[in-house]
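# Descriptive structure summary
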Amino acid sequence: MNPAKLIQSLQALKMEGNPVTTVYLDISSSQKLRNADIVVNNMFKQKKDKTFYKNLSEEEKVSVEKDIENINKYLNNLLPEGLFSVMIVSSSQADVWKVIHLGFLVENMMVIQYQPYIRPLLQGISYERNYAIILVDQGKAKILANRLGKKEELWSVVNLLPEDANDRGFGGMEERKNERRREEAVARHYKNIVAQVEGFEKDYHFDWIILGGLRECIADFKNYLKPELKKKISAEIPIDPNLPMDKVFLLVDKEIPQCRASYEKELLDKFADEYYKNFKGVVGLQETEESLKQGQIDMLLIHDKFHTKGRICKQCQYTTIHGEKMCPNCGNPMILTVDLTDELIYLALDTGAKIEFISSEMGDFAPLCGFLRYSK
Ligand SMILES: [Zn+2]
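Residues numbered from 1 in each chain as written. Predicted model: local features only at pLDDT ≥ 70, side-chain atom pairs only at ≥ 80, totals over all residues. Heavy atoms only, no water.

## Quick look at the packing of aromatic side chains
Aromatic rings in a pair are described by how distant their centres are and how their planes are angled relative to each other. Heads up, the condition is: Any two rings among Phe, Tyr and Trp, with Trp reduced to its six-membered ring, count as a pair given centres within 6.5 Å; such a pair is stacked if its planes are under 30 degrees apart, edge-to-face if over 60, and tilted if neither. The rule is simple: take the accessible area with a 1.4 Å probe, protein chains only, and divide by the maximum for that residue type; under 20% is buried, over 50% is exposed, in between is partly exposed. Counting as a charge over the ring demands two things of the Lys NZ or Arg CZ atom: a distance within 6 Å of the ring centre and an angle within 35 degrees of the ring normal.
Inspection of every chain in the model, using the stated rule, returns 15 aromatic pairs. A ring pair is formed by Phe44 and Tyr53, whose centres lie 5.7 Å apart and whose planes are at 85°; its orientation type is edge-to-face. Here Phe44 matches Tyr53 in class, with each residue buried. Here the basic side chain of Arg147 rests over the ring of Tyr204, its NZ or CZ set 3.8 Å away from the ring centre. Over the aromatic face of Phe371 sits the side chain of Lys270, whose NZ or CZ is 5.7 Å from the ring centroid.

Spelled out as structure tokens, the structure:
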């Protein structure tokens, strides 16, 4: 599933005011997998001491206890080994149960609130990014991808180069013919790869592309790519296309921080342009939240170290970082929330804004800012 669809599916879950248990678990070793239920029980024990849990109605508490029971049942029975981590969303009262396998590591975490806690998922998606590796030589090609941290081979092909035809008798002329046949076969091969890449790009929207293969082939192949794909090439590395997938990712790994940094820099540069030149940006918690509520934000950038506690109104979703106990909007009691950014995330999703977590320094735009749909 691609990240956008995954997030949509979470957002579409109907909780109808019922408490939701969200659990993130690191199950990257068989030891961790074996102990997962103990971890869940310990986290739940801590949650029971918190005001939020104590203030739940009896009916709501029963629902959460059922969530924990189901999560443990699942962890004990159904999980295969070899996964990195898992996200489980459960609300017994709302009849919601969803499991997402993640290809990246997360910290163990349990959050009980009135909607799924999705920030760690989004942050992981932002950090891992979505990229392709294209390996080419004249006789082979492979397209690999990293999506949601999951490494996979999307496509591969072997290009059968024409055998040299009989070269007796006609000397140089036959040779030139053979040469031309070869060139045509290689050109067809490259065009075929390009068509495949374009198809995947349409579905997956790669954040960047890494080109690998024989150096001279990379240079040739690049000429066949359309400018918008060429622009996405973030690194070029000589790699033998015959190398097994895990070895390729290992080789590519050291390039990733650089690819990530330049992807983020481009986003921030674009924001600076929009903000200073076109007045199409907002900066800071208050202004960003205000614009989100009015549906003006097209893309939200949040620094990945930014957390803030706050309060939210369960009735009208009014949020505040100040201490108001009662909602100034509708007069209902406000409840504490572990991470106000999650409310901002929901506001963003509800108004169709994209969300990007940024790991680089955001300078003047820290800790969060938003691209506006229209200028101020
Ligand atoms: Zn309210």
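## Examining the coordination of the zinc ion
Filter applied, for reference: Only nitrogen, oxygen and sulfur atoms count as donors, using a 2.8 Å cut-off from the metal that widens to 3.2 Å for Na, K and Ca. Water is left out, so coordination shells may look unfilled. Only two sets of limits are used to name each site, 85 to 135 degrees for every angle of a tetrahedral four-donor site, and over 155 degrees for opposite donors with all other angles from 65 to 115 for a square planar four-donor or octahedral six-donor site, with any other site named irregular.
In this structure, Cys313 (SG), Cys316 (SG), Cys327 (SG) and Cys330 (SG) serve as the protein donors to the zinc ion, at separations of 2.3 Å. Of note is the zinc ion, whose four donor atoms meet at the metal with angles of 101 to 118° in an arrangement that counts as tetrahedral. All donors to the zinc ion come from one chain, and their sequence spacing reads C-x2-C-x10-C-x2-C. Relative accessible area serves as the criterion here: at 37%, Cys330 is assigned to the partly exposed category.

## Notes on the domain arrangement of the protein
Condition: Annotation comment: domain bounds sourced from an automatic or database domain assignment. Any pair of residues with heavy atoms lying within 4.5 Å of one another is described as a contacting pair. Two parts placed together each lose some accessible area under a 1.4 Å probe, and the buried area is that loss summed for both. Salt-bridge detection follows one rule: a side-chain nitrogen of Lys or Arg within 4 Å of a carboxyl oxygen of Asp or Glu. Lys, Arg, Asp and Glu make up the charged group, whereas Ala, Val, Leu, Ile, Met, Phe, Trp, Tyr, Cys and Pro make up the nonpolar group; the residues left over, Gly among them, are polar.
Examined at the domain level, the protein breaks down into domain 1 (1–117), domain 2 (130–254) and domain 3 (264–376). Across the contact, eleven residues belong to domain 1 and twelve residues belong to domain 3. Taken together, the two surfaces of domain 1 and domain 3 that pack against each other cover about 940 Å², and 52% of this comes from carbon and sulfur. Inspection of the domain 1/domain 3 interface yields zero salt bridges. Considered class by class, the residues forming the side of domain 1 that touches domain 3 number six nonpolar, four polar and one charged.

## Overview of helix H10 (residues 245–253)
Defined as follows: Where helices and strands are cited, they refer to DSSP runs of H or I of at least four residues and of E of at least two residues respectively, numbered from the N terminus. Picture the helix axis, draw a direction to every C-beta atom, and the arc is the one those directions span.
Buried residues of H10: Val248, Phe249 and Val252, and no others. Within H10, the buried residues cover an arc of 95° as seen down the axis, which keeps them to one side. In H10, the exposed residues that point more than 90 degrees away from the buried face are Asp246 and Leu250. Against strand S5 (131–137), strand S6 (140–147), strand S7 (150–158), strand S8 (208–213), strand S9 (233–238) and helix H11 (256–276) lie the buried residues of H10.

## Quick notes on the sheet that holds strand S13 (residues 319–320)
The condition that has to hold: Criterion used throughout: strands pair if DSSP finds at least two bridges between them.
Pairing within the open sheet is antiparallel, and its three strands lie in the order S13-S12-S14. One side of each edge strand has no neighbouring strand; the edge strands of this open sheet are S13 and strand S14 (334–337). Strand direction decides the pairing type here: strand S12 (residues 310–313) and S14, joined by four bridges, are antiparallel. Paired with Cys313 across the bridge in S14 is Met334.

## Structural notes on the environment of Glu175
Locating Glu175 in the fold gives a position in helix H7 (residues 172–204). You can call Glu175 exposed: its relative accessible area is 55%. Sequence-wise, Glu175 and Ala235 are 60 residues apart; in three dimensions their C-alpha atoms are separated by 36 Å.

## So, a negative patch on the surface
Going by this rule: Like charges are joined within 9 Å and nonpolar side chains (Val, Leu, Ile, Met, Phe, Trp, Tyr) within 5 Å, but only among residues with over 30% relative accessible area and no salt bridge; these make up the patches. Only the protein chains shown count as cover for residues, with accessible areas throughout obtained via the Shrake-Rupley method and a probe of 1.4 Å. Neither His nor the chain ends is counted toward charge; the positive residues are Lys and Arg and the negative residues Asp and Glu. Where a charge sits is defined by one atom per residue type, namely NZ (Lys), CZ (Arg), CG (Asp) or CD (Glu).
On the surface, Glu175, Glu179, Glu183 and Glu184 cluster together into a patch of negative charge. When you line up the elements, Glu184 lands in helix H7.

## Concerning the pairing of S12
For a regular strand, side-chain orientation follows a simple rule: the groups alternate between the two sheet faces. Alternating positions in S12 separate into two faces, Gly310 and Ile312 on one and Arg311 and Cys313 on the other, with burial throughout. Of the strand pairs in this sheet, S12 and S13 are connected by two bridges, and their pairing is antiparallel. What sits directly across from Ile312, in S13, is Thr319. Hairpin remark: S12 followed by S13, antiparallel, with five residues in the connecting loop; positive phi at Gln317, about 65°.

## Side note on the sheet that holds S6
To be explicit about the condition: Each axis is a line fitted through C-alpha atoms, and for a helix only the stretch in contact is used; angles between axes span 0 to 180 degrees, taken between their N-to-C directions.
Read across the open sheet, the five strands follow the order S7-S6-S5-S8-S9; overall the sheet is mixed. At either end of the open sheet lies a strand with only one pairing partner, and these are S7 and S9. Recorded for the sheet is a direction-independent mean angle of 15° between the axes of neighbouring strands. Here S8 pairs with S9 via five bridges, running parallel. Of the residues in S9, the one forming a bridge with Leu211 is Glu236.

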